[in-house]
Amino acid sequence: VSHWWGTPFMDTVRMLKLHRKERGLNAHKGYYWICAFANNQHNLEELNATKYLDTPFARAIMSNRCKGTVIVLNEKEAKPFERSWCIFEAFIST
């Protein structure tokens, strides 16, 4: 999931539920990877990788288990497209 940290968490949950419903995905067989829960937010040493493709974001997206990237946009703004990491995640997703 590529998202802007300023989006309220419950809005993100609501949008992911809509995504799951619209795509006909089984809630018990598929998962969404969100960096805030996968990375230790108090120790981000793994983000010091000298190559961007070695970061946890890139490794997760390029994993064989990743089936796609969801970019969470709210109804008023497209903030993820102003964030360098979100653009990076969209780039390596294609």
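Look a little higher up for the structure.
> Residue-level account of the packing of aromatic side chains, with values.
Think of a pair of aromatic rings as described by two things: how far the centres are apart, and how the planes are tilted against each other in angle. Applying the stated criterion to the full structure yields 3 aromatic pairs. Between Tyr52 and Phe88, the aromatic rings sit 5.8 Å apart at their centres with planes inclined by 55 degrees, giving tilted as the arrangement. Taken together, the residues Tyr52 in the loop between α2 (35-38) and α3 (56-62) and Phe88 in helix α4 (residues 84-93) connect sequence positions 36 residues apart. On the basis of relative accessibility, which here comes to 59%, the residue Tyr52 falls in the exposed class. Of the residues examined, Phe88 reaches a relative accessible area of 15% and is grouped as buried. Judged by centre distance (5.3 Å) and plane angle (80 degrees), the rings of Trp85 and Phe88 are edge-to-face. One end of the pair is Trp85 and the other is Phe88, both in helix α4 and 3 residues apart, which spans about a single turn. An aromatic cluster is built from Tyr52, Trp85 and Phe88, whose rings are joined through pairwise contacts. Residue placement shows Lys79 over the ring face of Trp4; its charged tip is 5.6 Å from the ring centre.

Calculation criteria
- Residues numbered from 1 in each chain as written.
- Predicted model: local features only at pLDDT ≥ 70, side-chain atom pairs only at ≥ 80, totals over all residues.
- Heavy atoms only, no water.
- Phe/Tyr/Trp six-rings, centres within 6.5 Å; stacked < 30°, edge-to-face > 60°.
- Helix = DSSP H or I, 4+ residues; strand = E, 2+ residues; numbered from the N terminus.
- Buried < 20%, exposed > 50% of the residue type's maximum accessible area, 1.4 Å probe, protein only.
- Lys NZ or Arg CZ within 6 Å of the ring centre and 35° of its normal.

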